[in-house]
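Take a look at the letters that make up each chain.
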Amino acid sequence: MKKLAVPFVVATVIIFGCTRKAAPTIPERPVEPVSGNKVDTADFSSSNPLVAGKAIYKIKCTTCHKEKNVTDWTQEEWKPILNSMVKKAKLNELQISQVTQYVNANAKQ
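Quick caveat: nothing in here was measured; it's all calculated off a predicted structure.

### Concerning helix 4 (residues 93-106)
Across its 14 residues, helix 4 extends 20 Å between first and last C-alpha, which sits within 8% of the 20 Å expected from 1.5 Å per residue. Along helix 4, the positions that sit buried rather than exposed are Gln 95, Gln 98, Val 99, Tyr 102 and Val 103. What you see down the axis of helix 4 is that its buried residues fit within an arc of 130 degrees, all on one side. What points out from helix 4, more than 90 degrees from its buried face, is the exposed set Glu 93 and Leu 94. Elements that come into contact with the buried residues of helix 4 comprise helix 2 (49-60) and helix 3 (75-88).

In structure tokens:
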């Protein structure tokens, strides 16, 4: 009888120990809308090139370094910076155009 009891206990422990447990539930939290001047990736597809350019600049160009103030440089000073950075940010032709338009519109005069 003892020979049957040990395998029975082991099997019972394995079966009940391996059953699925109910996952803890996460209470619903209200989602607050984004407000203010925070740029969203949805702005990437804006029909306004300056809005899209700003979004790309604020998101893609700050991936590797701190955001630079666009008004600190002239359009001529921005040319080599943009030529170097658009490759690193892996921007497509449309994005390059949008960022360039945004920078040029806001560059130091």
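### As for the state of the cysteines
One pass over the full model with this rule turns up 0 disulfides. A disulfide-free cysteine, Cys 61 has its sulfur positioned 9.3 Å from the sulfur of Cys 64, the nearest such atom.

### Let's talk about the pattern of salt bridges
Scanning the entire structure with this criterion turns up 2 salt bridges. Its salt-bridge partner being Glu 67, residue Lys 58 comes within 2.6 Å of it at the nearest N-O pair. For Glu 67, a relative accessible area of 37% corresponds to the partly exposed category. With a shortest N-O distance of 3.0 Å, Glu 76 and Lys 79 are connected by a salt bridge. Placement of the pair is Glu 76 and Lys 79 together in helix 3, with a separation of 3 residues, close to one helical turn. For Glu 76, a relative accessible area of 56% translates into the label exposed.

### Things to note about the nonpolar core
Membership of the largest hydrophobic core comes to 13 residues, with the highest contact counts inside it found for Tyr 57, Val 70, Trp 78, Leu 91, Val 99 and Val 103. Elements represented by at least two residues in this core include exactly helix 2, helix 3 and helix 4.

### A word on the packing of helix 3 against helix 4
Across the interface, helix 3 lies against helix 4 with an axial gap of 11 Å and an inter-helix angle of 155 degrees. The angle between helix 3 and helix 4 places the two elements in the roughly antiparallel class. In the packing of helix 3 onto helix 4, the handedness of the crossing is right-handed. Mapping the contact onto sequence places Gln 75, Trp 78, Leu 82 and Val 86 in helix 3 and Ile 96, Val 99, Thr 100, Val 103 and Asn 104 in helix 4.

### Points about helix 3
An ideal rise of 1.5 Å per residue puts 20 Å on 14 residues; helix 3 measures up with 20 Å between its terminal C-alpha atoms. The largest bend in helix 3 comes to about 30 degrees, at Ile 81. Of the residues making up helix 3, those classed as buried are Trp 78, Leu 82 and Val 86. Of the surrounding elements, those touching the buried residues of helix 3 are helix 2 and helix 4. Positive backbone phi, approximately 55 degrees, marks Lys 90, located one or two places after helix 3.

The rules we used
- Numbering of residues starts from 1 in every chain and runs along the sequence as written.
- Given that this is a predicted model, residues contribute local features only at a pLDDT of at least 70 and side-chain atom pairs are listed and counted only at 80 or more, while totals for whole chains, interfaces and linings are drawn from all residues.
- Excluded from the side-chain calculations are hydrogens and water; all other atoms, namely the structure's heavy atoms, are used.
- Strands are runs of DSSP state E lasting at least two residues, helices are runs of H or I lasting at least four, and both sets are numbered from the N terminus onward.
- An expected span of 1.5 Å times one less than the residue number is assigned to each helix.
- Accessible area is worked out with a 1.4 Å probe on protein chains only. A residue is then buried under 20% of its type maximum, exposed over 50%, and partly exposed in between.
- Note: the arc covers the axis-to-C-beta directions of the helix.
- Should any heavy atoms of two residues lie within 4.5 Å, those residues are counted as being in contact.
- Pairs of cysteine sulfur atoms within 2.5 Å are what we label disulfides.
- Salt bridges are identified by distance alone: a Lys or Arg side-chain nitrogen within 4 Å of an Asp or Glu carboxyl oxygen.
- Buried Ala, Val, Leu, Ile, Met, Phe, Trp, Tyr and Cys residues form a nonpolar core when they are joined through side-chain atoms within 4.5 Å.
- For helices, the axis comes from a line fit to the C-alpha atoms of the stretch in contact; other axes are also lines fit to C-alpha atoms, and the angle between any two N-to-C directions lies between 0 and 180 degrees.
- Throughout this description, any angle smaller than 35 degrees is read as roughly parallel, any larger than 145 degrees as roughly antiparallel, any in the 65 to 115 degree range as roughly perpendicular, and the remainder as oblique.
- Working rule for handedness: look at the near helix, and if it is turned counterclockwise from the far one by less than a right angle, call the crossing left-handed; if clockwise, right-handed.
- Consider a residue and the seven residues that end there alongside the seven that start there; fitting an axis to each set, the bend is the angle between those axes.

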